[in-house]
Amino acid sequence: MPEENGGSKEKTGVLEKVQADAAALRETLKEKTKQQVDGLKEPEKTQLYRSMFRVKHDDEPRNRALSVLSNVFFHLHPAKVNRDATKYNFTWGMGGITFYLFIVLTFTGVLLMFYYHPTKVQAFRDILYLENDVPFGKLLRNMHRWAAHLMIIAVWLHMFRVFMTGSYKRPREFNWCVGVLLMVLTMLLSFTGYLLPDDQLGFWAVTVGTNMARATPFLGHEGPLGGLLGMTPYNDVRFALLGGSIVDANALLRAYIWHCIAIPLIVSIFLGVHFWRVRKDGGISGPAPVMLESEIKEERNPRPVVLRPSGMSQHDK
Amino acid sequence: MDWHQIWEIASAPDNVPIVAMLFLIPFYLWYALKQGIENDKLIAILESDANLAKTKYRKTQEWDPNWDREVHTWPYLMRMEFLVAIIITVLLMVWSLTLNAPLEEPANPNVTMNPAKAPWYFLGLQEMLVYFDPWIAGVVMPTLVIVGLMVIPYIDANPLGNGYYTYKQRRFSIWTFMFGFVGLWVLMIVIGTFIRGPGWMWFWPGRTWDAERVDYAVNRNLDQVFGIDGSWTSAMFHVTKDQGAIWARVVFGIFPLIAFFIVAAILVHWICMRTEFSRRIYQRMSLVQLVTMYTFLIFMFSLPAKILLRLVFTIHYVWVTPWFSI
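Caption draft 1: Fine view of the overall build of chain A. Each helix and strand in chain A was counted, giving eleven helices and three strands. In terms of overall dimensions, chain A has C-alpha extents of about 105 × 70 × 40 Å along its principal axes. By residue count, 38% of the 317 residues in chain A fall in the buried class. Put simply, 56% of the contacts in chain A that link residues at least 6 apart link residues at least 24 apart.

Structure representation (structure tokens):
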């Protein structure tokens with residue numbers, strides 16, 4: 001058929017075209033390859049790079065600011081900070097260390113979760129397995145343990161520093177309160193983790209700790225006036241904490257859920273508020289210029305609130 | 001001297017943090033006060049020279065008029081943060097490679113650990129159990145500590161020392177915080193870690209922890225010291241001597257408590273009124289602020305008061321009632 005004949009003619013035409021293209025490519029291949037390789041020498045100009053980082057990283061003020069502002073992790077920082085605040089002696093870095101340890105603990109904690117069953121049969125054996133058979137298991141558990149202790153020290157020293165610099169004062173009163181709650185949550189995180197190896201140490205520490213709960217006024221069966229509300233060992237606040245009247249399988253599961261899910265979630269929310277408020281309350285408190293006693297102004301009630309264009313509200317000093 | 005016992009306590013891996021705190025807290029206390037005293041010197045100079053106060057850079061940090069007041073976060077702050085993160089990682093690595101996390105035998109409700117200790121950061125609360133019943137030591141006091149910390153910004157009417165280290169401008173608040181944080185919280189943890197042995201008995205450093213040791217309890221209640229046996233009340237209300245004794249104790253115990261509140265309030269007031277500056281701050285405080293501050297300080301003093309009664313005068317309860325005892 002003529003059409004078929006015509007079709008086969010077309011095919012030979014395509015073949016010739018491809019051959020011609022290949023010949024042309026052979027001529028330009030060298031040049032194109034050179035272009036590609038040269039392009040790799042400036043990776044910041046590739047589409048891949050630009051899609052990720054959006055701004056140039058040239059060493060100029062605008063890009064220094066943008067590199068902080070356009071990164072979701074870095075933008076917790078302002079673009080510029082008080083010159084004197086970048087030195088170690090004012091903040092001691094304790095807040096940042098606490099946050100870093102929280103990240104370390106999340107990371108090592110997730111890895112530990114892969115090897116752990118929160119059941120009475122398995123829990124202790126899982127720790128033995130971790131210590132003896134899992135590659136780097138012992139290191140992992142040690143790091144989690146010591147990072148937790150270090151985090152508590154760092155939180156306390158952070159609070160100590162904030163107190164000593166008077167940074168809780170106006171306008172940062174509320175953020176101090178958030179910080180106090182975060183400190184309590186940090187200690188609760190550590191405490192709930194104590195039971196998880198299901199060994200004598202954790203068992204008795206949690207027994208001692210939760211025995212206090214049974215003495216809660218009104219809500220504990222041994223607490224003052226607990227009988228008034230009909231508290232027994234089987235319905236009081238200690239029962240709620242342990243999921244039973246003794247430290248046993250349910251207590252292990254509850255400690256696990258609080259430790260791995262509930263408290264970290266609550267901490268993350270409070271952390272977000274804490275960091276956000278540091279910025280909104282005018283950034284890091286100092287080192288501020290010293291104020292003299294002669295400069296104390298008389299109290300005005302109620303204190304006027306000055307709204308700043310950037311959205312920060314600040315009480316006038 | 002049983003040095004081995006001291007070493008055994010101090011080298012227990014879980015006690016490493018508290019041993020570290022023994023060095024870290026004095027170091028950072030010194031570090032804060034050093035910078036505070038430097039600032040105080042600057043403040044003294046500026047207070048004495050009104051002209052200088054207008055022109056001088058009011059910080060102890062180096063300053064050049066040509067410098068910008070602010071610097072870029074990247075790299076000046078973030079390089080520090082990354083450096084600190086690396087140092088902390090290395091520290092953790094070394095710590096984790098050299099010391100193993102403790103693991104005891106499997107949990108066994110039938111074998112009591114002696115001493116059964118809470119984690120070190122809660123040992124202050126456990127130590128408080130010696131002085132107060134669990135409902136105070138384990139519930140009321142921790143609540144007061146948390147709420148007390150949270151009210152600090154709202155009761156501190158001193159506008160000075162906001163954002164810089166100082167000692168002279170904030171003597172009262174610094175001493176109060178030091179008393180609570182170092183004097184009560186950290187010290188109680190140290191006692192709980194190093195002093196309290198089997199049976200939660202007091203072992204001076206160097207004394208062997210002897211699980212067989214028996215102490216004869218000589219503790220008595222305050223009403224026993226005063227010989228309240230209910231003979232008056234039972235005769236007065238024509239009830240049995242036992243019933244009379246209960247009510248006599250309830251009524252008696254109120255008086256030492258009231259006496260404590262009055263003495264502590266006077267003490268707190270005396271501290272607040274000591275210097276002219278603190279009197280000035282006192283004038284700025286509202287009634288709610290004053291009542292809150294006095295209440296929390298009085299409750300804070302109740303702990304050392306009870307420690308004194310218990311350890312020195314071997315008194316167990318001050319107020320005995322059928323429902324609770326203090």
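Caption draft 2: Representation of the overall build of chain B. Per the secondary structure count, chain B includes twelve helices and one strand. Taken from the N to the C terminus, the helices and strands of chain B come in the order α-α-α-β-α-α-α-α-α-α-α-α-α. In terms of overall size, chain B is more extended than a compact globule, its C-alpha atoms giving a radius of gyration of 26 Å where 326 residues would be expected to give roughly 20 Å. A principal-axis box enclosing the C-alpha atoms of chain B has dimensions of 90 × 55 × 35 Å.

Caption draft 3: Spatial organisation of the domain arrangement of chain A. When the domains of chain A are assigned, the result is domain 1 (14–63) and domain 2 (92–285 + 302–315). When each unit is reduced to the centre of its C-alpha atoms, the spacing between domain 1 of chain A and domain 2 of chain A is 52 Å.

Caption draft 4: Spotlight on the domain arrangement of chain B. Taken domain by domain, chain B holds domain 1 (1–42 + 67–103 + 159–212) and domain 2 (216–326). Placing a centre on the C-alpha atoms of domain 1 of chain B and another on those of domain 2 of chain B gives a separation of 33 Å.

Caption draft 5: View of the interface of chain A and chain B. Between chain A and chain B, the residue contacts involve 83 residues of the former and 80 residues of the latter. Those elements giving two or more residues to the side of chain A that touches chain B turn out to be helix H3 (61–69), strand S1 (80–82), helix H5 (94–113), helix H6 (123–132), helix H7 (137–164), helix H8 (173–195) and helix H9 (200–213) of chain A. With 15 residues, the single largest contributor to the side of chain A that touches chain B is H7(A). Taken together, the residues of the side of chain A that touches chain B break down into 49 nonpolar, 21 polar and 13 charged.

Caption draft 6: Focus on the confidence of the model for chain A. Across chain A, the average pLDDT comes to 87, with 90% of residues at 70 or higher. Within the model, the stretch residues 309–317 of chain A combines pLDDT values under 50 with 15 contacts to residues more than four positions away or in other chains.

Caption draft 7: View of the packing of H8(A) against helix H11 (residues 249–280) of chain A. Residue and element names in this part refer to chain A. Packing of H8 against H11 leaves a shortest axis separation of 9 Å and a crossing angle of 160°. Regarding the angle of H8 to H11, the classification is roughly antiparallel. In this structure, H8 meets H11 at a crossing whose hand is left-handed. Its residues assigned to classes, the contact of H8 with H11 shows 19 nonpolar, six polar and one charged.

About the criteria used
Numbering of residues starts from 1 in every chain and runs along the sequence as written. For this description, chains carry letters from A and ligands carry numbers from 1, given in the order in which they are written. In view of the model being predicted, local features appear only for residues whose pLDDT reaches at least 70, and side-chain atom pairs are presented and counted only at 80 or more, with totals across whole chains, interfaces and linings using the full set of residues. Going along the chain from the N terminus, every DSSP run of H or I of four or more residues is numbered as a helix, and every run of E of two or more is numbered as a strand. To assign burial, the other C-beta atoms lying within 10 Å of each residue's own C-beta are counted, with C-beta atoms placed from the backbone; 20 or more indicates buried, 12 or fewer indicates exposed, and intermediate counts indicate partly exposed. Our contact criterion uses C-beta atoms placed from the backbone: two residues qualify when those atoms are within 7 Å. Our radius of gyration is a C-alpha quantity, and the globule rule it is checked against amounts to 2.2 Å times the number of residues to the power 0.38. The split of the chain into domains comes from an automatic or database domain assignment. Nonpolar residues are Ala, Val, Leu, Ile, Met, Phe, Trp, Tyr, Cys and Pro. Charged residues are Asp, Glu, Lys and Arg, and all others, Gly as well, are polar. Confidence of the prediction at every residue is given by pLDDT, a number between 0 and 100. The axes used here are C-alpha line fits, helices contributing only the stretch in contact, and every angle between their N-to-C directions lies in the interval 0 to 180 degrees. What sets the label is the angle itself: under 35 degrees gives roughly parallel, over 145 gives roughly antiparallel, 65 to 115 gives roughly perpendicular, and the rest give oblique. Note on convention: near helix rotated counterclockwise from far helix by under a right angle means a left-handed crossing. Clockwise means right-handed.

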